[in-house]
Amino acid sequence: MAQVRRAGPRQDGPIKAGPRQADVIVYGGTSAAITAAVQVKKMGKSVIVVSPDKHLGGLSSGGLGFTDTGDKSVIGGLARTFYGRLYDHYQKPENWTWEKREQFGNKGQGTPALDGANRTMWIFEPHAAERVFEDFVRENNLTVYRDEYLDRSAGGVQKKGVAIQSFRTLSGQQYVGKMFIDCTYEGDLMAAAGVSFHVGREANSVYGEEFNGIQPEVFQHGHHFKTNVSPYKTPGDPNSGLLPEVSPEPIGKKGSGDTKIQAYCFRMCLSNHPDNRIPFIKPVGYDPARYELLARVYANGYTETFDKYDAIPNRKTDTNNHGPFNTDYLGKNYDYPEATYERRREIIRDHELYQKGLMYFLQNDPRVPADVHEKMQQWGLPKDEFKDNGGWPHQIYVREARRMTGEFVMKEADALGRTTVPDPIGMGSYALDAHNAQRYVKADGFVQNEGDIGVHPERPYSIAYGSIVPKETECQNLLVPVAISASHIAYGSIRMEPVFMILGQSAATAAVLAIQSKMSPQKLPYGILKAALLKDGQQLTLPK
């Protein structure tokens, strides 16, 4: 439900009176949701997408255009089709509006952005990605109901024994299906159906891990205070009180568990073309004191402001967090996973104010170095992106929320490629990538961040089928390809958009095969599933 503003309900497909029924009901509007629905339709079954979001694609169309991929050779199936469609899009000269293709530079993560050898495009604009998802909807005649929120109150999900019969949305509409797929970042349907889940960081002792739990003084991305900065309003004086954005809580023991989650932000798309730029104005509620820590970082000689202004086509960026004080809003999302819809909206509005205020601060505050101030003046929100939201992304970056505790839990060793998991259904390859979870005062009286982990796997790894299915004793007709069963640190690698698309397709394949076989997904013979996945171009294991 993580989008900021919405229009009224929108429905694509035939209008039905009474309960809306299909073989498979997909809940969510993410990239995984659309991929799953396309796969169901391709396999000859009926499907309805029930999306709380107006705009489809989640982060893939919400600003994350500098795709986190790792080893691209393990991205197959419909996910690869998606990136192939974007390649086709950028072959057309008319889609290079604000710069010529040869001016783009073609920088990507590990491979060229426009990869001619594989006919894929990994670096793209938000509206181009959304267009591909809408093309998937149109070409496959998908029925999509938008602005439809699951009723998470008691009775919102109707079960018979351990099988979901239907669920109700806040509009009062009922959706009836044989199989259900929860494709939300939050795992809302999963939780409402009574499936076990975890929020926060497990202690390292739970699964025998190294990089889970609290990680003080572990710095692997550079998003920490490299110089001594006082967290107090009067530097060095604890009696003066803490500055904003610093937690008063003491740091826990290294490796111990907690309920904190990695920070959220908006993946801003910025433009430096004068004719396609919306200036940052002072947001209502702006308080420059919130950014005093950053002013002190600059005073200590910080020079990395623009290190994650990653270029995407047409003189735009995918701007991500970087440095000790950045767009990641530490500690302000802990209650988001299980919060009410209204509380989630409050959290999203607070994140928006913080981040817009940060941009205004960088452009206008006299404490910002002159060279940063001058360069920042060149950037603004793009007029041709997120047009119904003033150029601001529709989707907040929910890096982590609930995580199911399913038939199999993906763990650190699995995501580092050190194990052979049972019944693989797709692959991942990105680093164990967890963002900071808190900002605290050290024993020496200076400020520091905690939680930033970046450990690269030894090789691409397989993802177990059991990680997307609940325990059979809890639910026998639900698959969960986004809020999957994984430890906090393993999820740090799995949580990438290409992987969500891969798992969405695999979940849909399993759902249809389970219907055809008249059995639960948990009892579906893996050999049948494996054959279908390979036929559709999914990559399941590394070649021997």
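The preceding data block contains the structure.
Source: prediction; values computed, not measured. (Residues numbered from 1 in each chain as written. Predicted model: local features only at pLDDT ≥ 70, side-chain atom pairs only at ≥ 80, totals over all residues. Heavy atoms only, no water.)

### Some thoughts on the sheet that holds strand S14 (residues 316-319)
Then step 1. Taken in spatial order, the 3 strands make up an open sheet running S11-S14-S13, and their pairing is antiparallel. Because the sheet does not close on itself, it has two edges, and the strands there are strand S11 (268-271) and strand S13 (309-312). Taking each pair of neighbouring strands and ignoring which way they run, the sheet shows an average axis angle of 35°. (Pairing = 2+ DSSP bridges. Helix = DSSP H or I, 4+ residues; strand = E, 2+ residues; numbered from the N terminus. Axes fitted to C-alpha atoms, helices over the stretch in contact; angles between N-to-C directions.)

### So, the packing of helix H1 (residues 31-42) against helix H11 (residues 497-517)
Then step 1. The N-to-C vectors of H1 and H11 enclose an angle of 35°; their axes lie 7 Å apart at closest approach. Once H1 is placed against H11, the crossing between them reads as right-handed. Here H1 contributes Ser31, Ala32, Thr35, Ala36, Gln39 and Val40 to the contact with H11, which in turn contributes Glu497, Phe500, Met501, Gly504, Gln505, Ala508, Thr509 and Val512.
Then step 2. Looking at the contact of H1 with H11 residue by residue, the class counts come to 7 nonpolar, 6 polar and 1 charged. (Left-handed = near helix turned anticlockwise from the far one by under 90°. Contact = heavy atoms within 4.5 Å. Nonpolar A, V, L, I, M, F, W, Y, C, P; charged D, E, K, R; others polar.)

### What about the side chain of Arg344?
Then step 1. Inspection of the secondary structure assignment puts Arg344 in helix H7 (residues 341-364).
Then step 2. A distance of 2.8 Å separates the side chain of Arg344 from the side chain of Asp188, its partner in a polar contact.
Then step 3. Of the polar contacts made by the side chain of Arg344, one reaches the backbone oxygen of Pro337; its length is 2.7 Å. (Polar contact = N/O pair within 3.5 Å; in protein donor to acceptor, adjacent residues only side chain to side chain.)

### Structural notes on the packing of aromatic side chains
Then step 1. In the structure shown here, the tally under the stated rule is 26 aromatic pairs.
Then step 2. Geometrically, the ring pair formed by Tyr291 and Phe361 is tilted, given 5.4 Å between the ring centres and 35° between the ring planes. Placement of Tyr291 in the loop between strand S12 (277-278) and helix H6 (292-299) and of Phe361 in helix H7 is noted, with a sequence separation of 70 residues between them. You'll find Tyr291 and Phe361 in the same group, each marked buried.
Then step 3. Taken together, the aromatic side chains of Tyr286, Tyr291, Phe325, Tyr329, Tyr354, Tyr360 and Phe361 make up a single cluster linked through ring pairs.
Then step 4. Sitting over the face of the ring of Tyr145, Arg20 holds its NZ or CZ atom 3.7 Å from the ring centroid.
Then step 5. Across the ring face of Tyr336, the terminal group of Arg344 is positioned such that the distance to the ring centre comes to 5.1 Å. (Phe/Tyr/Trp six-rings, centres within 6.5 Å; stacked < 30°, edge-to-face > 60°. Buried < 20%, exposed > 50% of the residue type's maximum accessible area, 1.4 Å probe, protein only. Lys NZ or Arg CZ within 6 Å of the ring centre and 35° of its normal.)

Just distances and angles here, no functional claims.
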